[in-house]
Amino acid sequence: MKIFGAIAAVALMVAGTVHAAETVTITDVAGREVSVKVPAEKLILGEGRLIYGLATLDSAEPFKRVVGWRDDLKKADPQTYDIYAAKYPSINDLPTFGGIKDGTFDIEQAIALKPDVIVMNLEAKGATEDAALDEKLAAVGIPLVYIDFRERPIENTDTSMRILGTITGEQDRAEEFIKFRNDKIAVVTDRLAKANPAKPDVFIERAAGFSDECCMSFGNENFGKMVEIAGGTNIAATIIPGTFGTINPEQVVASNPDQVIATGASWEAYSPGGAWVGLGPNADMKEAHRKLENLMNRPAFTGIKAVENGKIHAVWHQFYNSPYQFVVIEQMAKWLHPDLFADIDPEASFRELHERFLSTPYQPGYFVSVSDQN
């Protein structure tokens, strides 16, 4: 996959911004060469949350090309959906699809919409091929392109944004976003390289409280990699071989992490009344704080240093599936090395992203710590 990512970065040979329609060959993050007519006028998002990336390019009208999308944004991130729906009420009428992996994607409906391209997250590739959906789409001349903000986001986000830039004819805008993102990350990594501080041990709990299961986490990618970039040691990196996995409560206790960072979002649609920490734009922070404290009463956190020292935090889960990772890297760096990054303001960075690249105003609600005053 690393090779594919490098190939994609080099092989995307379309410079500048496309104005007149033309057919170009894109090498996607799966290493597939795909011919696409650009700029696309009609596209289907195989996952609704891909709008996070698309919206930074079609800043004024993020849905102007979308003729259909998966129904996950409304369920997984209802606050963002509501913000967009208030400004663009027509999204309530967009055709929706089920997921590829659960077998509810309606290919006949997709074909009937006559999209110029279907964009899918990389994780759907196996299921797409197993169901021969790629072959069926190719047979009717509908190109399928994979991008990736979830499996290996640190490696693939730049390439994925360049692919979206080519599809939309907004290559210059994509490069502007990529530079903005990378410059923010470089401030953290350059400072850490120079200071070389001791790295605290960190346990990342994925979707804490979503179910009774403990403890889902990340291996050496996604939030696990972000912890490393922010100057910490991810205790699950040597236990979980891939991006996602689970470690048992006894492993958390034995690792005795210095800090705990949970991920949370408003998952009422999936887990009504659950113990999850409902972060997201305009979240109820008192309730998020209460839930985060309660999660630390589980056996996995009995007597560990992080709990004893009050180094317990939660971040918006959807950072794991968007090109906005630089924001959470900044926040993690502040938690892990508060003196070194006292001048860094993740909220200001996210607000700047909204002002420069998005059509909706910034609303806080993405981070909470047990040490916060409520």
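Details of the structure are given in the entry above.
(A) Up close: the packing of aromatic side chains. Counted according to the given criterion, the structure contains 27 aromatic pairs. Relative to Trp 316, the ring of Tyr 52 lies with its centre 5.8 Å away and its plane at 70°, an arrangement referred to as edge-to-face. Placement of the pair is Tyr 52 in helix H2 (residues 51–54) and Trp 316 in strand E13 (residues 312–316), with a sequence separation of 264 residues. Measuring from ring centre to ring centre gives 5.8 Å for Phe 319 and Phe 367, while their planes differ by 15°; the resulting arrangement is stacked. Pair noted here: Phe 319 is in the loop between E13 and helix H14 (325–336) and Phe 367 is in strand E14 (residues 367–369), with a separation of 48 residues, a long-range link. Taken as a pair, Phe 319 and Phe 367 share a single burial class, namely buried. Over the ring of Trp 276 we find Lys 291; its NZ or CZ atom is 3.8 Å from the centre of that ring.

(B) Region of the structure containing the packing of helix H9 (residues 171–195) against H14. Two elements in contact, H9 and H14, have axes separated by 9 Å at closest approach and are oriented at 15°. By the angle between their axes, H9 is roughly parallel relative to H14. Considering only the axes of H9 and H14, their crossing is left-handed. Touching Phe 180, Arg 181, Lys 184, Ile 185 and Val 188 of H9 are Gln 325, Phe 326, Ile 329, Glu 330 and Ala 333, all from H14. When grouped by side-chain class, the residues that make up the contact of H9 with H14 number six nonpolar, one polar and three charged.

(C) Here's a closer look at the pattern of salt bridges. Enumeration according to the criterion identifies 20 salt bridges in this entry. The closest approach of N and O atoms between Asp 58 and Arg 65, which form a salt bridge, is 2.7 Å. Arg 65 carries the same exposure label as Asp 58, and that label is buried. Residue Lys 179 pairs with Asp 183 through a salt bridge whose shortest N-O separation is 2.6 Å. Residue Lys 179 and its partner Asp 183 are both found in helix H9; the two are separated by four residues, about one turn of the helix. Residues joined in a network through salt bridges with shared partners are Glu 47, Arg 49, Arg 70, Asp 72, Glu 123 and Arg 150.

(D) Region of interest: the packing of H9 against helix H15 (residues 346–357). Between H9 and H15, whose axes approach to 12 Å, the crossing angle comes to 170°. Relative to H15, H9 is oriented roughly antiparallel. Facing Arg 173, Glu 176, Phe 177, Phe 180 and Lys 184 of H9, the residues of H15 in contact are Ser 349, Glu 352, Leu 353, Arg 356 and Phe 357. Of the residues contributing to the contact of H9 with H15, the split by class is four nonpolar, one polar and five charged.

(E) Molecular detail of the nonpolar core. Judged by nonpolar contacts, the single largest core of 114 residues is most densely connected at Phe 223 and Phe 319. Considering each element in turn, this core owes the most residues, eight residues, to H14. If you look at the next biggest cluster of nonpolar residues, it comprises five residues, including Ala 207, Met 216, Ala 265 and Trp 267.

(F) Highlighting the state of the cysteines. Counted according to the given criterion, the structure contains one disulfide. The disulfide that involves Cys 214 links it to Cys 215, with 1.8 Å between the sulfurs. Around the S-S axis, the bridge from Cys 214 to Cys 215 shows a dihedral of about 70° and counts as right-handed. Like Cys 215, Cys 214 is buried.

(G) Geometry of H14. The end-to-end C-alpha distance of H14, which contains twelve residues, comes to 16 Å, matching closely the 16 Å that a straight helix rising 1.5 Å per residue would cover. A large share of H14 lies buried, amounting to eleven of its twelve residues. Within the sequence span of H14, burial applies to Gln 325, Phe 326, Val 327, Val 328, Ile 329, Glu 330, Gln 331, Met 332, Ala 333, Trp 335 and Leu 336.

(H) Main features of the side chain of Gln 259. Within the element layout of this structure, Gln 259 appears in strand E12 (residues 259–264). Within polar-contact distance, the side chain of Gln 259 engages the side chain of His 313 at 2.7 Å. Other than its neighbours up to four places away in sequence, Gln 259 contacts Asp 201, Val 202, Phe 203, Ala 306, Lys 311, His 313, Trp 335 and Leu 336.

(I) Highlighting the sheet that holds E12. In space, the five strands of this open sheet follow the order E10-E8-E12-E13-E14, with mixed pairing throughout. Taken across any chain shown, the strands that pair with only one partner, and hence form the sheet edges, are strand E10 (233–234) and E14. Alignment of strand E8 (residues 201–205) against E10, held across two bridges, turns out to be parallel. Following the sheet pairing, Asp 201 is matched in E10 by Thr 233. Where H14 meets the sheet, its contacts fall on E8, E12, E13 and E14, and the angle it forms with E14 comes to roughly 15°.

Definitions and cut-offs
- Residues numbered from 1 in each chain as written.
- Predicted model: local features only at pLDDT ≥ 70, side-chain atom pairs only at ≥ 80, totals over all residues.
- Heavy atoms only, no water.
- Phe/Tyr/Trp six-rings, centres within 6.5 Å; stacked < 30°, edge-to-face > 60°.
- Helix = DSSP H or I, 4+ residues; strand = E, 2+ residues; numbered from the N terminus.
- Buried < 20%, exposed > 50% of the residue type's maximum accessible area, 1.4 Å probe, protein only.
- Lys NZ or Arg CZ within 6 Å of the ring centre and 35° of its normal.
- Axes fitted to C-alpha atoms, helices over the stretch in contact; angles between N-to-C directions.
- Parallel < 35°, antiparallel > 145°, perpendicular 65-115°, else oblique.
- Left-handed = near helix turned anticlockwise from the far one by under 90°.
- Contact = heavy atoms within 4.5 Å.
- Nonpolar A, V, L, I, M, F, W, Y, C, P; charged D, E, K, R; others polar.
- Salt bridge = Lys/Arg side-chain N within 4 Å of Asp/Glu carboxyl O.
- Core = buried A, V, L, I, M, F, W, Y, C linked by side-chain atoms within 4.5 Å.
- Disulfide = S-S within 2.5 Å.
- Expected span 1.5 Å × (residues − 1).
- Polar contact = N/O pair within 3.5 Å; in protein donor to acceptor, adjacent residues only side chain to side chain.
- Pairing = 2+ DSSP bridges.

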